[in-house]
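Observations on the three-dimensional arrangement
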Amino acid sequence: IALGKTSLILVKLAELTQLTPVFPSQDPLDRADFNAVEYINTLFPTEQSLANIDEVVNKIRLKIRRLDDNIRTVVRGQTNVGQDGRQALEEAQKAIQQLFGKIKDIKDKAEKSEQMVKEITRDIKQLDHAKRHLTTSITTLNHLHMLAGGVDSLEAMTRRRQYGEVANLLQGVVNVLEHFSKYMGIPQIRQLSERVKAAQNELGQQILADFEEAFPSQGTKVAWLDKIDRRYAWIKRQLVDYEEKYGRMFPQEWCMTERIAVEFCHVTRTELAKIMRTRAKEIEVKLLLFAIQRTTNFEGLLAKRFSGCTLTDGTVKKTEVPPPSTNPFLEDETGTETDEIVIEKSDTDRPKKPKVPDNPFHGIVSKCFEPHLYVYIESQDKNLGELIDRFVADFKAQGPPKPNVDEGGAVLPSCADLFVYYKKCMVQCSQLSTGEPMIALTTIFQKYLREYAWKILSGNLPKTTSSSGGLTITSLLKEKEGSEVAKFTFEELCLICSILSTAEYCLATTQQVSFPLAAPSSGVGCCGEGKSQKN
């Protein structure tokens with residue numbers, strides 16, 4: 001019976017577990033998967049524990065009564081909840097209405113305050129705008145005053161040709177005029193702008209007119225080559241006069257004096273080329289050499305006076321370096337031209353060359369002479385032919401050199417004279433050009449070396465009775481077995497030795513000359529243009 005009552009109590013307690021989601025609890029009776037049998041077995045695990053069953057039942061009943069009391073209290077309390085909620089809602093609505101009223105009052109006050117601030121600051125804004133406009137007006141009036149005064153001063157200085165002051169004033173007037181670009185619709189401003197443009201145009205025309213007056217044209221007085229030095233003397237005077245009158249009007253970095261000189265060189269080169277083409281038949285070798293010498297001296301003077309920083313065109317290179325000298329005979333070109341050449345193996349294996357000058361103006365004018373250097377080559381051809389004929393005539397008139405037992409076979413004096421003349425020609429031609437003219441000159445050298453060998457050397461060998469064709473240098477150097485040895489007198493033997501020594505001298509000198517000649521044949525001519533040629 002007791003167990004049955006306990007079971008009913010437990011079942012009743014289990015029904016209360018439906019409130020678990022609402023009131024969470026850790027009590028086993030509140031669990032959703034509550035099992036009464038397991039719970040009873042937990043309370044009474046053994047038969048001896050059943051002795052306390054009445055005490056356990058009393059505790060459970062006490063718990064049930066407490067739960068019932070709590071439930072009744074809650075149920076009774078819920079009957080007044082609806083009435084309290086309606087009262088609270090009414091109170092909340094009243095509070096919201098009061099809040100809205102206060103917000104509206106605050107908004108009205110804020111609008112009134114804003115209106116009041118606007119009324120207070122209205123006058124301040126007007127004063128601020130007035131101050132800004134007044135400042136702009138004052139600044140504009142100052143600029144206008146500066147512009148008007150500057151234009152008047154500019155026109156007055158232009159009439160007085162005060163170019164130094166005008167240079168600074170004009171830049172300032174142009175800068176001030178830029179501030180009035182928005183006011184060009186105003187007639188007075190537009191008139192000032194037109195006066196500035198007119199002053200600029202007048203300045204340009206006036207400066208050009210002054211330059212034309214300062215550098216007057218000389219016409220055709222110094223057109224031909226015989227008066228070429230007058231060209232250079234004229235430009236020297238004009239440059240000196242320009243430096244004294246106008247040198248300080250332009251910045252130094254503009255290099256105006258050098259630009260004028262370079263422009264003169266370009267015009268001179270063009271005009272000389274034209275006139276030499278039209279009067280080519282009148283060009284003589286002395287006249288041509290005279291013009292080239294004066295021109296190269298003038299180019300050297302330009303190199304000493306100017307740096308060549310304005311040579312930016314493609315015609316003349318700024319740092320052009322002339323080719324090395326083609327003189328294979330002398331260690332120094334400053335020696336006299338009449339010195340005899342003494343060629344020794346120890347001294348001529350590697351002949352010294354003069355220092356190459358660094359002349360950025362080399363060829364800036366003298367370029368125009370190179371197409372006419374054929375006149376010089378033809379003249380050398382003619383002179384060498386006359387020289388060989390004179391050697392032949394002198395040998396026939398003076399006879400062979402006197403025998404000298406101590407010296408043996410001496411070199412013919414005519415050979416030294418020939419190479420001295422070769423040396424003079426090569427030095428002179430190397431100063432004019434190392435392109436095609438130098439190659440043509442070497443061809444002439446070959447031609448007259450052969451003539452010298454045939455007319456002076458082979459042509460003066462003694463005759464023999466055993467050979468109908470006469471002696472040759474080749475036959476003298478070869479010995480044939482069984483051949484009859486020719487008999488010569490002492491004088492004839494000395495002549496043969498002298499001719500052989502001369503031939504050996506010519507051979508050694510020619511071989512030493514051939515190597516230095518190979519380099520400049522592809523070098524730079526008098527006009528500064530490189531030419532690749534075969535030697």
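This section reports on the structure supplied with the text. Just so we're clear, the structure is a prediction, and the values are computed from it rather than from any experiment. (Residues numbered from 1 in each chain as written. Predicted model: local features only at pLDDT ≥ 70, side-chain atom pairs only at ≥ 80, totals over all residues. Heavy atoms only, no water.)

**Examining the packing of helix 11 (residues 374-398) against helix 12 (residues 413-432)**
Between two packed helices, both the angle of their axes relative to each other and the distance between the axes serve to describe the pair. The following threshold applies: Between the N-to-C directions of two axes lies an angle of 0 to 180 degrees, each axis being a line fitted to C-alpha atoms and, for a helix, fitted only over the stretch in contact. What counts as a helix is a DSSP run of H or I of at least four residues, what counts as a strand is a run of E of at least two, and both are numbered from the N terminus. If an angle is under 35 degrees, it is roughly parallel; if it is over 145, roughly antiparallel; if it lies from 65 to 115, roughly perpendicular; otherwise it is oblique. Here, two residues are considered to be in contact whenever any of their heavy atoms come within 4.5 Å of each other. When residue character is reported, Ala, Val, Leu, Ile, Met, Phe, Trp, Tyr, Cys and Pro are called nonpolar, Asp, Glu, Lys and Arg charged, and the others, Gly included, polar.
It is at 11 Å that the axes of helix 11 and helix 12 come closest, and there the two elements cross at 175°. Between helix 11 and helix 12, the angle is such that the two are roughly antiparallel. Contact with helix 11, carried on its side by Tyr376, Gln380, Asn383, Leu384, Leu387, Ile388 and Phe391, involves Ser414, Asp417, Leu418, Tyr421, Tyr422, Cys425, Gln428, Cys429 and Leu432 of helix 12 and no other residues of that element. Of the residues assigned to the contact of helix 11 with helix 12, the class counts are 11 nonpolar, 4 polar and 1 charged.

**Regarding the packing of aromatic side chains**
This is how it is decided: The criterion for an aromatic pair is that two Phe, Tyr or Trp rings (for Trp, the six-membered ring) have centres within 6.5 Å, with stacked assigned to planes under 30 degrees apart, edge-to-face to planes over 60 apart and tilted to the rest. Throughout, exposure labels follow a simple rule: accessible area from a 1.4 Å probe, protein chains only, divided by the maximum for the residue type, with under 20% read as buried, over 50% as exposed, and the rest as partly exposed.
Tallying each qualifying case throughout the model produces 11 aromatic pairs. On the numbers, 5.7 Å between centres and 75° between planes, the contact of phenylalanine 419 with tyrosine 422 is edge-to-face. Linking phenylalanine 419 with tyrosine 422, this pair stays in helix 12, spanning 3 residues, or about one helical turn. The exposure classification of phenylalanine 419 matches that of tyrosine 422, with both residues buried. Judged by centre distance (6.0 Å) and plane angle (80°), the ring pair of phenylalanine 419 and tyrosine 505 falls under edge-to-face.

**Thoughts on a nonpolar patch on the surface**
The condition is simple: Patch criteria: residues need more than 30% relative accessible area and no salt bridge. Like-charged residues are merged within 9 Å; nonpolar side chains of Val, Leu, Ile, Met, Phe, Trp and Tyr are merged within 5 Å. The accessible surface values rely on the Shrake-Rupley method and a 1.4 Å probe; as for residues, cover is taken only from the protein chains in view. Salt bridges are defined by distance alone: a side-chain nitrogen of Lys or Arg within 4 Å of a carboxyl oxygen of Asp or Glu.
There is a patch of nonpolar side chains on the surface, built from Ile96, Leu99, Phe100 and Ile103 and spanning about 410 Å² of accessible area. Along the chain, the position of leucine 99 falls in helix 4 (residues 81-159).

**Here we look at the side chain of glutamine 380**
Turning to its location among the elements, glutamine 380 is positioned in helix 11. Overall, glutamine 380 belongs to the buried group, its relative accessible area being 6%. When neighbours within four sequence positions are excluded, glutamine 380 is seen to be in contact with Tyr421, Cys425, Gln428 and Leu441.

**Quick look at helix 5 (residues 163-178)**
An α-helical turn contains 3.6 residues, so a residue and the one three or four places further along point in the same direction. Defined as follows: Here the expected length of a helix is defined as 1.5 Å per residue gap, with one fewer gap than residues.
The end-to-end C-alpha distance of helix 5, which contains 16 residues, comes to 23 Å, matching closely the 22 Å that a straight helix rising 1.5 Å per residue would cover. Residues of helix 5 that are buried: Tyr163, Val166, Leu170, Val173, Val176 and Leu177.

**A closer look at unusual backbone geometry**
Look at arginine 161: it is not a glycine, yet its phi comes out positive at around 60°. Arginine 161 gets classed as partly exposed once you look at its relative accessible area, which sits at 41%. One non-glycine residue, cysteine 255, lies in the positive phi region at around 55°. Structurally, the position occupied by cysteine 255 is in the loop between helix 7 (228-246) and helix 8 (256-278).

**Looking at the nonpolar core**
Across soluble globular proteins, nonpolar side chains show a tendency to be buried alongside one another. Threshold: In this description, a nonpolar core means a group of buried Ala, Val, Leu, Ile, Met, Phe, Trp, Tyr and Cys residues linked to one another through side-chain atoms lying within 4.5 Å.
Core analysis: the largest hydrophobic core is formed by 69 residues, its most contacted members being Leu272, Met276, Phe369, Leu384, Leu418 and Tyr452. Of all the secondary-structure elements, those providing two or more residues to this core are helix 7, helix 8, helix 9 (285-305), helix 11, helix 12, helix 13 (436-457) and helix 15 (490-518). Counting 9 residues, the second largest nonpolar core, distinct from the first, contains Val151, Val176, Ile189 and Leu192.

**Remarks on the packing of helix 9 against helix 11**
Heads up, the rule is: Here a crossing is called left-handed whenever its near helix is offset anticlockwise from the far helix by less than a right angle, and right-handed whenever the offset is clockwise.
Running from N to C, helix 9 and helix 11 cross one another at 130°; their axes reach a closest spacing of 9 Å. Comparing their axes, helix 11 and helix 9 come out oblique. As for how helix 9 packs across helix 11, the hand of that crossing is left-handed. The segment helix 9 lies against helix 11, with Val285, Leu288 and Leu289 engaging Val375, Tyr376 and Ser379. Considering only residue class, the contact of helix 9 with helix 11 consists of 5 nonpolar, 1 polar and no charged.

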